[in-house]
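# Summary of the model geometry
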Amino acid sequence: MARRALGRSGVQVTVLSFGAAGIGNLYAPVADDQAAAALDHAWNAGIRYFDTAPHYGLGLSERRLGEALRDRDRSSYVISTKVGRLLEPADEATGDDLADGGFAVPRTHRRVWDFSADGVRRSMESSLTRLGVDRLDVVFLHDPDDHAEEAFREGYPALEKLRSEGVVGAIGAGMNQAEMLTRFVRETDVDAVLCAGRYTLLDHGALAELLPAASERGTSVVIGGVFNSGLLADPRPGARFDYTEAPPGLLARARALRAVAERHGTTLRAAALAFPSGHPAVASVLVGVRAPEQVTDAAAQFAAEVPAGFWREARETGLLPPEVPVPGEARRDMDEDIPGGVRGRHRL
């Protein structure tokens, strides 16, 4: 699978990446063997970039990911994890984490927000232990929405120092919004940012400032949440958009996009996965999966050719604004100048 560098870091990530929140029991339990099989399928599909966080299942995601990769050549894959939430033992290990964090795991720990320099180092040390690795390739400040001052004053400088020491290869921030990520791109020397849900077929918020700023600064963008919590995977009544039930207007738009896709012999899932890479700042598309069949489908859909006619009709019918770049336009020109770049659509 093709790879791209994160900014100027030299860390190379595959253009399709594995989001490991699902194997941390997001919303529902996942058996150990199912999680291991999902990771094996991802490896067999050529995916070599895996994203996790302490937040995901109170460390379960990191432990499962580390176990699955333990016998793989460490130089052949990239792991990103996150800092900002320390896991402290719970006073009473009762109940589960569904109400507090959304993960179907025992409430053995509590999350403590901490973007201080000491908190960053402690979080990374704990992640290294859970993952069972000797280094972290990428570290993101995780959801600093309500902790901007501490994140910029202490968290980011701590990551920058660790990068300069060679402890971590690339640094950045990961959020469900584009505005603060734009500030990170403009005011710091991050290598990459992870933007979830803000650059999809239905939400183009990152195009206003984040993506142009990233292009200007040479910062890479990893796009997550391309299905907007499920609506763009299966636009049925009751489908979720950004974690809540999709409003009727968005459901209608998603169904209209699906109809256009079917007219052009493709699928809505393939178009949703292809869309972010139309912008030259996007280095990888991160897909959250929890089962082997989901990995197989995501890899197949990502590799599929989305006809130019789909993009043309989506624009002509107003489903996509004319200024939104689509695959095969800006990307093609950029890839000619990027070592290891891939022209046109991605090939697995």
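Let me sum up the structure you'll find in this document.

Criteria and cut-off values
- Residues numbered from 1 in each chain as written.
- Predicted model: local features only at pLDDT ≥ 70, side-chain atom pairs only at ≥ 80, totals over all residues.
- Heavy atoms only, no water.
- Phe/Tyr/Trp six-rings, centres within 6.5 Å; stacked < 30°, edge-to-face > 60°.
- Helix = DSSP H or I, 4+ residues; strand = E, 2+ residues; numbered from the N terminus.
- Buried < 20%, exposed > 50% of the residue type's maximum accessible area, 1.4 Å probe, protein only.
- Lys NZ or Arg CZ within 6 Å of the ring centre and 35° of its normal.
- Core = buried A, V, L, I, M, F, W, Y, C linked by side-chain atoms within 4.5 Å.
- Contact = heavy atoms within 4.5 Å.
- Axes fitted to C-alpha atoms, helices over the stretch in contact; angles between N-to-C directions.
- Parallel < 35°, antiparallel > 145°, perpendicular 65-115°, else oblique.
- Left-handed = near helix turned anticlockwise from the far one by under 90°.
- Nonpolar A, V, L, I, M, F, W, Y, C, P; charged D, E, K, R; others polar.
- 1 Å grid on protein atoms, 1.4 Å probe; cavity = no way out; pocket = protein on both sides within 12 Å on 5 of 7 lines; lining within 4 Å.
- Points joined across faces, edges and corners; volume = space filled by probe spheres on them.
- Pairing = 2+ DSSP bridges.
- Right-handed = clockwise from strand over helix to strand, strands pointing away.
- Salt bridge = Lys/Arg side-chain N within 4 Å of Asp/Glu carboxyl O.

## Describing the packing of aromatic side chains
If you walk through the whole model with that rule in mind, you get nine aromatic pairs. With 6.5 Å between their ring centres and 10° between their planes, Trp43 and Phe50 make a pair best called stacked. Geometrically, the ring pair formed by Tyr56 and Phe103 is tilted, given 6.1 Å between the ring centres and 35° between the ring planes. Placement of the pair is Tyr56 in the loop between β4 (49-51) and α2 (60-69) and Phe103 in strand β8 (residues 103-106), with a sequence separation of 47 residues. As far as the burial class goes, Tyr56 and Phe103 line up, both buried. Here a set of aromatic residues connected by ring pairs shows up, and it is made of Phe18, Trp43, Phe50 and Tyr77. Positioned above the aromatic ring of Trp43, the side-chain terminus of Arg48 is 3.7 Å from the ring centre. Lying across the ring of Tyr27, Arg240 places its NZ or CZ 5.1 Å from the centre.

## A look at the nonpolar core
In this structure, Phe18, Phe50, Met124, Leu201, Leu231 and Trp311 are the most contacted members of the largest nonpolar core, which totals 95 residues. With near-sequence residues (within four places) excluded, Leu201 lies in contact with Leu232, Arg253, Leu257, Leu268, Ala271, Ala272, Phe275, Trp311, Leu319 and Leu320. The next biggest cluster of nonpolar side chains, apart from the first, holds 13 residues, and it includes Leu6, Val11, Val138 and Ala192.

## Overview of the packing of helix α5 (residues 179-187) against helix α6 (residues 210-217)
Taken N-terminus to C-terminus, the directions of α5 and α6 make an angle of 15°; their axes are 9 Å apart at the nearest point. Judged by the angle between their axes, α5 and α6 are roughly parallel. The two elements α5 and α6 cross, and the hand of that crossing is left-handed. Residues Leu181, Thr182, Val185 and Arg186 of α5 form the contact with α6, whose participating residues are Leu210, Ala213, Ala214 and Arg217. Counted by class, the contact of α5 with α6 contains five nonpolar, one polar and two charged residues.

## Remarks on the layout of surface pockets
The computed volume of the largest pocket comes to approximately 1,400 Å³. As for the largest pocket, its lining consists of 46 residues, and the residues nearest its centre are Leu26, Gly225, Ser229, Tyr243 and Gly288. The set of elements that each furnish at least two residues to the lining of the largest pocket consists of β11 (168-175), β12 (192-196), β16 (282-288) and α9 (292-303). Its residues assigned to classes, the lining of the largest pocket comprises 18 nonpolar, 17 polar and eleven charged.

## Section: unusual backbone geometry
Residues apart from glycine generally show negative phi values, whereas peptide bonds are mostly found in trans. One non-glycine residue, Asn25, lies in the positive phi region at around 70°. With respect to the helices and strands, the residue Asn25 is situated in the loop between β3 (16-19) and α1 (32-44). Even without glycine at this site, Tyr27 takes up a positive phi of about 70°. Looking at the secondary structure, you find Tyr27 in the loop between β3 and α1. Classification of Tyr27 by relative accessible area gives partly exposed; the value is 43%.

## Quick look at the sheet that holds β16
Each strand in a sheet pairs with its neighbour through backbone hydrogen bonds, running either in the same direction (parallel) or in the opposite one (antiparallel). Within the closed barrel, the eight strands sit side by side as β3-β4-β5-β10-β11-β12-β13-β16. Their pairing is parallel. With direction set aside, neighbouring strand axes in the sheet form an average angle of 25°. Direction of pairing for β12 relative to strand β13 (residues 220-224): parallel, over a ladder of five bridges. Counted as the bridge partner of Ala192 is Ser220 from β13. Contacting β10 (136-142) and β11, helix α4 (residues 148-164) crosses the sheet at an angle of about 155° to β11.

## Details of the pairing of strand β5 (residues 78-83)
Among the six residues that make up β5, six are buried, leaving the element largely enclosed by the rest of the structure. Taking every second residue as pointing to the same face, both faces of β5 are buried, with Val78, Ser80 and Lys82 on one and Ile79, Thr81 and Val83 on the other. Sheet analysis places β4 next to β5, joined by three bridges and oriented parallel. Each residue of the ladder has a partner; that of Asp51, found in β5, is Ser80. In this view, the connection linking β4 to its parallel neighbour β5 by way of α2 has right-handed handedness. Across four bridges, β5 lies against β10 in parallel orientation. By the bridge assignment, Val83 is partnered in β10 with Leu141.

## Side note on the pattern of salt bridges
Applying the stated criterion across every chain, the model contains 28 salt bridges. Its salt-bridge partner being Arg163, residue Glu160 comes within 3.9 Å of it at the nearest N-O pair. Remark: Arg163 and Glu160 occur in helix α4; sequence separation between them is three residues, near one turn of the helix. Judged by relative accessible area, Glu160 falls into the partly exposed class, the value being 32%. Accessibility expressed as a relative area gives 17% for Arg163, which makes it buried. A salt bridge links Arg263 to Glu313; the shortest N-O distance between them is 2.5 Å.

Purely spatial values, then, with no claim about function.
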